[in-house]
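The lines below spell out each chain.
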Amino acid sequence: QVQLVESGGGLVQAGGSLRLSCAASGRTFSSYAMGWFRQAPGKEREFVAAINWSGGNTYYADSVKGRCTISRDNAKNTVTLQMNSLKPEDTAVYYCAAAPGGVAALRSGVYEYWGQGTQVTVSS
């Protein structure tokens, strides 16, 4: 079992940056693909970014491509989402998720473990 705890959310002005972190428990972190999803009020949860077990493959939603970078440190059991040039439409609760098997995926149904979420608010 994997427990995930996100941190790093907050209030930022448009054009600013935030760095979200997700700390994972368990000794098998490197066997999981990791993903970031977000959910804005009144909207469905959507994919943001994903990374495979080794960090060699990454995927991004078109809405954040070029502005966000996902990375992981298997020695520290952490995954990070660096977000730059933030826009008001990036405002949402951001969730970290873990998918067994190590292959990065865009579909939320593949992810077995989820964190509690961290709020990101971007003011205009």
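Everything here concerns the structure above.
Residues numbered from 1 in each chain as written. Predicted model: local features only at pLDDT ≥ 70, side-chain atom pairs only at ≥ 80, totals over all residues. Heavy atoms only, no water.

### Observations regarding the packing of aromatic side chains
And then number 1: Counted under the stated rule, the structure contains five aromatic pairs.
And then number 2: Taking 5.2 Å as the distance between ring centres and 75 degrees as the angle between the ring planes, the aromatic pair formed by Phe37 and Tyr111 counts as edge-to-face. Pair noted here: Phe37 is in strand S4 (residues 32-39) and Tyr111 is in the loop between strand S9 (92-100) and strand S10 (113-114), with a separation of 74 residues, a long-range link. In this structure, Phe37 and Tyr111 share a single accessibility class: buried. (Phe/Tyr/Trp six-rings, centres within 6.5 Å; stacked < 30°, edge-to-face > 60°. Helix = DSSP H or I, 4+ residues; strand = E, 2+ residues; numbered from the N terminus. Buried < 20%, exposed > 50% of the residue type's maximum accessible area, 1.4 Å probe, protein only.)

### Some points on the sheet that holds strand S8 (residues 78-83)
And then number 1: With antiparallel pairing, the four strands of this open sheet are ordered in space as S1-S3-S8-S7. The open sheet has two free edges, formed respectively by strand S1 (4-7) and strand S7 (68-73), since each of these has just one partner strand. Within this sheet the neighbouring strands show an average axis-to-axis angle of 15 degrees, counted without direction.
And then number 2: Bridge analysis of S7 against S8 gives six bridges, and the strand direction is antiparallel. Each bridged residue has a counterpart across the sheet, and for Asp73 the counterpart in S8 is Thr78. (Pairing = 2+ DSSP bridges. Axes fitted to C-alpha atoms, helices over the stretch in contact; angles between N-to-C directions.)

### Observations concerning the side chain of Glu6
And then number 1: Tracing the backbone shows Glu6 in strand S1.
And then number 2: Although Glu6 is buried, it forms no salt bridge, and the closest oppositely charged side chain is Arg45 at an N-O distance of 7.9 Å.
And then number 3: Side-chain polar atoms of Glu6 contact the backbone nitrogen of Cys96, separated by 2.8 Å.
And then number 4: Among the polar contacts made by the side chain of Glu6, one reaches the main-chain amide nitrogen of Gln116 at a distance of 3.1 Å.
And then number 5: Setting aside anything within four residues of it in sequence, one finds Glu6 in contact with Ser21, Cys22, Trp36, Tyr94, Tyr95, Cys96, Gly115, Gln116, Gly117 and Thr118. (Lys, Arg positive; Asp, Glu negative; His and termini not counted. Salt bridge = Lys/Arg side-chain N within 4 Å of Asp/Glu carboxyl O. Polar contact = N/O pair within 3.5 Å; in protein donor to acceptor, adjacent residues only side chain to side chain. Contact = heavy atoms within 4.5 Å.)

### Points about the state of the cysteines
And then number 1: Scanning the entire structure with this criterion turns up one disulfide.
And then number 2: The disulfide bridge from Cys22 ends at Cys96, spanning 2.1 Å between sulfur atoms. The disulfide joining Cys22 to Cys96 has a torsion of about -80 degrees about its S-S bond and is therefore left-handed. Remark: Cys96 occurs in strand S9 and Cys22 occurs in strand S3 (residues 18-24); sequence separation between them is 74 residues.
And then number 3: Overall, Cys22 belongs to the buried group, its relative accessible area being 1%.
And then number 4: Classification of Cys96 as buried rests on a relative accessible area of 0%.
And then number 5: There is no disulfide at Cys68, and the cysteine sulfur nearest it, in Cys96, is 14 Å away. (Disulfide = S-S within 2.5 Å.)

### Remarks on the pattern of salt bridges
And then number 1: Scanning all chains against the criterion turns up four salt bridges.
And then number 2: A salt bridge links Glu46 to Arg38; the nearest nitrogen and oxygen atoms lie 2.6 Å apart.
And then number 3: By relative accessible area, which is 5% here, Arg38 ends up buried.
And then number 4: A salt bridge links Asp90 to Arg38; the shortest N-O distance between them is 2.9 Å. You can see Asp90 sitting in the loop between S8 and S9 and its partner Arg38 sitting in strand S4, a full 52 residues away along the chain.
And then number 5: Take Asp90: its relative accessible area is 2%, and that puts it in the buried class.
And then number 6: Three or more residues are tied together by salt bridges with common partners; here these are Arg38, Glu46, Arg67 and Asp90.

Function cannot be inferred from these measures alone, as they are strictly geometric.
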